[in-house]
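Next come the chains, spelled out residue by residue.
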2 protein chains.
Amino acid sequence: MAKRDTYTPESLLAVAVQVFNERGYDGTSMEHLSKAAGISKSSIYHHVKGKEELLRLAISRALDELFAVLREPGAEEGRAIDRLEYVTRRTVEVLMSELPYVTLLLRVRGNTDTERWAMERRREFDHEVAELLKRAAADGDLRADVEVRLATRLLFGMINSVVEWYRPERGGAATSDEVADAVIATAFAGLRTYR
Amino acid sequence: MAKRDTYTPESLLAVAVQVFNERGYDGTSMEHLSKAAGISKSSIYHHVKGKEELLRLAISRALDELFAVLREPGAEEGRAIDRLEYVTRRTVEVLMSELPYVTLLLRVRGNTDTERWAMERRREFDHEVAELLKRAAADGDLRADVEVRLATRLLFGMINSVVEWYRPERGGAATSDEVADAVIATAFAGLRTYR
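Since the model is a prediction, treat every value here as computed from it, not as a measurement.

A.B. asks: What am I meant to see in the pattern of salt bridges here?
C.D. replies: It is possible for side chains bearing opposite charge to pair when their charged atoms get close. All names here are of chain A. For the structure on display, the rule yields 32 salt bridges over all chains. Where Glu124 meets Arg121, a salt bridge forms, and the shortest distance between an N and an O atom there is 2.9 Å. Here Arg121 and Glu124 lie together in helix α8 (residues 113-138), a separation of three residues that amounts to about one turn. Taking the relative accessible area as the measure of exposure, Arg121 reaches 24% and is therefore partly exposed.

Here it is, written out as structure tokens:
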């Protein structure tokens, strides 16, 4: 039973992103979106051209938030290692506050123009962070025995893994601050104590 | 054009795992497997009951290798923190040597009995490693300001991310030893230098 279409672009996007994350983008049809939203396909076409536009809007939201971090004063001023820690913390925060959107971004595999564009933008983001690691290494603030590209990948491995298990709706879960603190402590100072 | 069926269980499995990783397990039909292997569907049924048996065989291979690590002397003898570092190193090595099989294991989402069993076994593995972290924390060898469950998740986030970017066929890539060293250094001692 179709309900009255009271969707805004934002609320329709939220439904679409949930379906994309559950079924995979490739596995989602306009029929699936119509069912999940409870409105007809033609009502959806009233808002957007099709599912690829929904993907682009969702991924843009994640990317805009991530790139905005790189333009914050904490990311642009001071010693590279401190800027790197700042960017790490804020990236973790964006992952958690924009969880479904960033999850979609990280799962994109590149079969359509929109997906290839998303992967390219993601590489640009990673590249900017890698530049910070390079500068921190040149300052002598980063350990010399881990190659910078490898360190970048492991840092993002840890950061991005948050989307795999962070579920804000579950009671007793760590808060956003606790998770960000834990990532910073683990990645930069390590888990082991030395006495 | 069907070729003569000269497959062994191992070589057929290798083809199937590649297709599963490319198309996703849900998106793979017996038709896809038949095309990729270049033999008829009935030839495949001569080897296995169906695609779920291929999934089970592939995932068993990854799980057997991972659980075997936990029974090695380095994982069972000595201080918990040293056993934890040993298990981390060996897990990274298994990820790299059994890359397609572990990739499949890590992507499984749980729609069939075999997938649910795989996820359950994976949780058991994570649980055994979490126990090592708990003991290391009790020994005072693990930093006290990161909760053990969170530390376990971040450690696995870093380890498991290796399947996302490690490609042994690409020239110039880090060797297995370099990657394992980098994971150990980053996770346990941290990226930052302190002077």
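A.B. asks: Would you take a moment to explain the relation of the copies chain A and chain B for this structure?
C.D. replies: Turning one copy of the chain about an axis and sliding it along that axis gives the other copy, so a rotation and a shift relate them. Between chain A and chain B, the superposition needs a rotation of 180° and an axial shift of 0.0 Å, giving an RMSD of 0.0 Å. What the rotation and shift describe, once combined, is the action of a two-fold rotation axis. By C-alpha distance to the rotation axis, the residue of chain A lying nearest is Gly190 of chain A, at 1.8 Å. In this assembly, 100% of the residues forming the interface of chain A have copies in chain B that are likewise at the interface, indicating an isologous arrangement.

A.B. asks: What am I meant to see in helix α8 (residues 113-138) of chain B here?
C.D. replies: Residues and elements named next belong to chain B. With 26 residues, α8 should cover 38 Å at 1.5 Å per step; its first-to-last C-alpha distance of 37 Å lies within 8% of that length. When α8 is considered as a whole, its buried residues turn out to be Thr114, Glu115, Ala118, Phe125, Val129, Ala130, Leu132, Leu133 and Ala136. Looking at the residues trailing α8, positive phi occurs at Gly140, about 80°.

A.B. asks: Sorry if this is basic, but what is going on with the packing of α8 of chain B against helix α9 (residues 148-160) of chain B here?
C.D. replies: For any two helices packed against each other, the geometry comes down to the angle between their axes and how far apart the axes lie. Residues and elements named next belong to chain B. Taken N-terminus to C-terminus, the directions of α8 and α9 make an angle of 125°; their axes are 9 Å apart at the nearest point. Considered as vectors, α8 and α9 are oriented oblique to each other. Judged by the sense of rotation from one axis to the other, the crossing of α8 with α9 is right-handed. Where α8 approaches α9, its residues Arg122, Phe125, Asp126, Val129, Ala130, Leu133, Lys134 and Ala137 are matched on the opposing element by Val148, Ala151, Thr152, Leu155, Phe156 and Asn160. Partitioned by chemical class, the residues of the contact of α8 with α9 number nine nonpolar, two polar and three charged.

A.B. asks: Where do I start with the UniProt feature "DNA-binding region" (unreviewed entry) in chain A in this structure?
C.D. replies: Summarizing the sequence annotation, UniProt attributes the feature "DNA-binding region" (unreviewed entry) to residues 29-48 of chain A in the numbering used throughout. Taken as a whole, residues 29-48 of chain A contains 75% helix and 0% strand, while its terminal C-alpha atoms sit 14 Å from one another.

A.B. asks: Honestly, the UniProt feature "domain: HTH tetR-type" (unreviewed entry) in chain A in this entry has me stumped. Any pointers?
C.D. replies: Per the UniProt record, "domain: HTH tetR-type" (unreviewed entry) is annotated on residues 6-66 of chain A. Taken end to end, residues 6-66 of chain A has its terminal C-alpha atoms 30 Å apart, with 75% of it in helix and 0% in strand.

A.B. asks: Help me out: how do you make sense of empty space enclosed by the protein in this one?
C.D. replies: Unoccupied space between atoms shows up once a probe the size of one water molecule is rolled over them. For the structure on display, the rule yields two cavities of 30 Å³ or more. Its volume calculated, the largest cavity comes out at about 100 Å³. Lining the largest cavity are Leu63, Leu66, Thr91, Leu95, Val102, Leu105, Leu106, Arg122, Phe125, Asp126, Phe156 and Asn160 of chain B. Of all the elements in the fold, those that place two or more residues in the lining of the largest cavity are α4 (51-70), α6 (80-97), α7 (99-107), α8 and α9 of chain B. Of the residues in the lining of the largest cavity, the class split is eight nonpolar, two polar and two charged. Computed from the structure, the second largest cavity encloses a volume of approximately 30 Å³. Together, Leu12, Val15, Ala16, Leu33, Ala37, Ile44 and Leu54 of chain A line the second largest cavity. At the level of elements, α1 (9-23) and α2 (30-37) of chain A are the ones that each hand at least two residues to the lining of the second largest cavity. Among the residues forming the lining of the second largest cavity, the class breakdown is seven nonpolar, no polar and no charged.

A.B. asks: How should the interface of chain A and chain B be read in this particular structure?
C.D. replies: A common way to express how large an interface is: the accessible area buried when the components associate. Counting from both sides, the interface comprises 40 residues of chain A and, opposite them, 40 residues of chain B. Here chain A and chain B share an interface that buries about 3,500 Å² over both sides, 58% of which is from carbon and sulfur atoms. A per-residue breakdown of the area chain A buries against chain B is headed by Leu154, Leu191 and Arg192 of chain A, which together make up 22% of the total. The tally of links from chain A across to chain B stands at 16 residue pairs in polar contact (both at pLDDT 80 or more). No other element matches the nine residues that helix α11 (residues 176-189) of chain A contributes to the side of chain A that touches chain B.

Conventions and cut-offs
Residues numbered from 1 in each chain as written. Chains lettered and ligands numbered in written order. Predicted model: local features only at pLDDT ≥ 70, side-chain atom pairs only at ≥ 80, totals over all residues. Heavy atoms only, no water. Salt bridge = Lys/Arg side-chain N within 4 Å of Asp/Glu carboxyl O. Helix = DSSP H or I, 4+ residues; strand = E, 2+ residues; numbered from the N terminus. Buried < 20%, exposed > 50% of the residue type's maximum accessible area, 1.4 Å probe, protein only. Least-squares fit on C-alpha atoms with pLDDT ≥ 70 in both. Contact = heavy atoms within 4.5 Å. Expected span 1.5 Å × (residues − 1). Axes fitted to C-alpha atoms, helices over the stretch in contact; angles between N-to-C directions. Parallel < 35°, antiparallel > 145°, perpendicular 65-115°, else oblique. Left-handed = near helix turned anticlockwise from the far one by under 90°. Nonpolar A, V, L, I, M, F, W, Y, C, P; charged D, E, K, R; others polar. UniProt positions renumbered as here; feature names shortened; annotations may be inferred. 1 Å grid on protein atoms, 1.4 Å probe; cavity = no way out; pocket = protein on both sides within 12 Å on 5 of 7 lines; lining within 4 Å. Points joined across faces, edges and corners; volume = space filled by probe spheres on them. Buried area = accessible area lost by both parts, 1.4 Å probe. Polar contact = N/O pair within 3.5 Å; in protein donor to acceptor, adjacent residues only side chain to side chain.

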